[in-house]
Structure formats: C-alpha cells, structure tokens
Amino acid sequence: MRFCLFLLLFVSFTGISQHEFQVWNKAGVDYKIKKGVHAEFELNSRFDNQGLGTFFPQVGIEYKLTKWLKPSVEYRFVVDRNNIGNYKPYSRLNFNLNFGEDFDRLSLGARVRYQYAFNSLSQAAYDADFDMAFRFKPSVKYDINDFPLSPEVSAEFFYNPLTGGPYRPGFDKIRYAIGLDLDSKGPHGVGMKYQLDQKLHDYSSRIRHVIAVSYSYDIN
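Overview of the structure. Just so it is clear, the structure is predicted and the values come from calculations on it, not from any experiment.

## A look at a positive patch on the surface
1) Next: A contiguous patch of positive charge, built from K32, K35, K64, K67 and K70, is present on the exposed surface.
2) Next: Topologically, K35 is positioned in the loop between strand 1 (19-34) and strand 2 (37-48).
3) Next: Look at K35 and you get exposed, because its relative accessible area is 76%.

Put into structure tokens, the structure is as follows:
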C-alpha cells in the first residue's frame, strides 16, 4: 500500500515537473493617425512561479494595404530574467503581414511574422521566443448571435532560420490558443485566452501553460 502511494506521488510529481505555468498581462492604446494607418502602444508583463519574468513596452504602426491585408512593424524593449535571477535588457523588431477575411459571423485570419532580436541575451540554446524566427499563425473567430463573447482558436508555428554551429533550421515550437473576446461597441476591448507552448524535437523541455488577459483602448 505504501509502495503504491509512493509510486503515485512520484509519477504525479514527475508529470508536474514537465510543465510550467505563467500569467501574461497586456494593456494597450490604439490611435488612428489617418485613414488606414494606426499606431499602437502596449505594456506587457509575464509572471511565472518566481514572480515577474519578462516585461516589455511595445510600439507599432499598421497600414491597411487592402481589405484583407495589413502590414505592420513593431519595436519591443524587453527586460527578461535570466537563469540566475538577473534582469537583462534587449531589443526586438517584428515585421508582420496580417491577413483577414470576414464571412458573416465567421472571421478567418493569418499572421506571418519575422522577428529580429539585437543586443540579445546570451543563451546556450536557440529560443524561438527571443531569437530570430519566422512565425506563422492561422486563426478562426466566431461571433455568436446575441452573446457578448466571441470564441477564437489559433495555432502558431515557429521556424528557426539560423544555420551553423549548434543551430539547425526547421520548425522549433508550436503554440496553441483558445480564448474569448468581449464584443464591445465602445472604445474598450477585453480578451482572455488559454495558451499551450510546446517545443518540437526537444523532449526534455517543459510544456508551458499560459493564462493571458488583455485590455485595449481605442482613442478614436
């Protein structure tokens, strides 16, 4: 009996040790510069079991090229906690192509992103969150009739373009998300989602579970 109890606790602890849990918060302001051109400012914070892990303000600009295509560029100044508990800054640029089309209550979207980090952290292994990467994110959203929340699901694929040394090009990570957006007719936007991140080809890495909450305010 005692052996069975010990075995159960050991298996449970081992299972938990392969997972990590985080809470992400985002607050942003959207401003219409002129027709078809929007600027955005965000503050982001990410917490894990040791407290604040990552903090970054972000500024970006988006241009409506066509009804279904909006290119954008973003700059992040990131302060991230390293493995020994020190916070180190670095910068990152995101270049995005945002695709979208509405079909009555159904919205289909896709984002293609190239991210470029500079003054980056010194890391022993490639990390798709912090290093250079191509990212592909399809999404589906549905506006439920007479219901204040719209469900959305997405998947994001991270591609490592680096070659040489320990780096090998290929898809490095996948991210799944399911969430709800509040249907607001005013300037306020509120959303919440559950997200699961899993690295590919690295079975020793932890699976990351994230609860993300976002708020935005449209000045216009």
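## Some details on the pattern of salt bridges
1) Next: All told, the structure shown has 14 salt bridges when counted by the stated rule.
2) Next: Across the pair E74 and R113 runs a salt bridge, and its minimum N-O distance is 3.1 Å. Taken as a pair, E74 in strand 4 (residues 69-81) and R113 in strand 6 (residues 106-118) lie far apart in primary sequence, 39 residues in all. For the pair formed by E74 and R113, the shared burial category is buried.
3) Next: The residue R208 makes a salt bridge to D129 at a minimum N-O spacing of 2.7 Å. Separated by 79 residues along the polypeptide, R208 in strand 11 (residues 207-218) and D129 in the loop between strand 6 and strand 7 (133-142) bring together distant segments of the chain.

## Here's the deal with the pairing of strand 3 (residues 51-63)
Successive residues of a regular strand alternate their side chains across the two faces of the sheet.
1) Next: Pairing geometry for strand 2 and strand 3, over 12 bridges, is antiparallel. Each bridged residue has a counterpart across the sheet, and for S45 the counterpart in strand 3 is F55.
2) Next: Counting the residues between successive antiparallel strands, the hairpin from strand 2 to strand 3 contains two residues.
3) Next: For strand 3 and strand 4, the ladder comprises seven bridges, and the chain directions are antiparallel. Residue pairing in the sheet places E62 in a bridge with S72 of strand 4.

## Considering the sheet that holds strand 9 (residues 170-182)
1) Next: If you trace the 11 strands once around the closed barrel, you get 1-2-3-4-5-6-7-8-9-10-11, paired in mixed fashion. Sheet twist, expressed as the average angle between the axes of neighbouring strands with direction ignored, equals 20°.

## Description of the pairing of strand 9
1) Next: Inspection of the sheet shows strand 8 (residues 149-160) paired to strand 9 by 12 bridges, in the antiparallel sense. Paired with E156 across the strands is R175, a residue of strand 9.
2) Next: By the bridge criterion, nine bridges tie strand 9 to strand 10 (residues 188-199) in an arrangement that is antiparallel. Paired with Y176 across the bridge in strand 10 is L196.

## Quick notes on the environment of P148
1) Next: Relative to the elements of secondary structure, P148 occurs in the loop between strand 7 and strand 8.
2) Next: The spacing of P148 and S184 is 36 residues in sequence and 7.8 Å in space, taken between C-alpha atoms.
3) Next: Those residues within four positions of P148 in sequence are excluded, and the remaining contacts are D181, L182 and D183.

Criteria and cut-off values
Residues numbered from 1 in each chain as written. Predicted model: local features only at pLDDT ≥ 70, side-chain atom pairs only at ≥ 80, totals over all residues. Heavy atoms only, no water. Patch = residues over 30% accessible without salt bridge, like charges linked within 9 Å, V, L, I, M, F, W, Y side chains within 5 Å. Areas by Shrake-Rupley, 256 points an atom, 1.4 Å probe, with all protein chains shown as cover. Salt bridge = Lys/Arg side-chain N within 4 Å of Asp/Glu carboxyl O. Lys, Arg positive; Asp, Glu negative; His and termini not counted. Charge placed at Lys NZ, Arg CZ, Asp CG, Glu CD. Helix = DSSP H or I, 4+ residues; strand = E, 2+ residues; numbered from the N terminus. Buried < 20%, exposed > 50% of the residue type's maximum accessible area, 1.4 Å probe, protein only. Pairing = 2+ DSSP bridges. Axes fitted to C-alpha atoms, helices over the stretch in contact; angles between N-to-C directions. Contact = heavy atoms within 4.5 Å.

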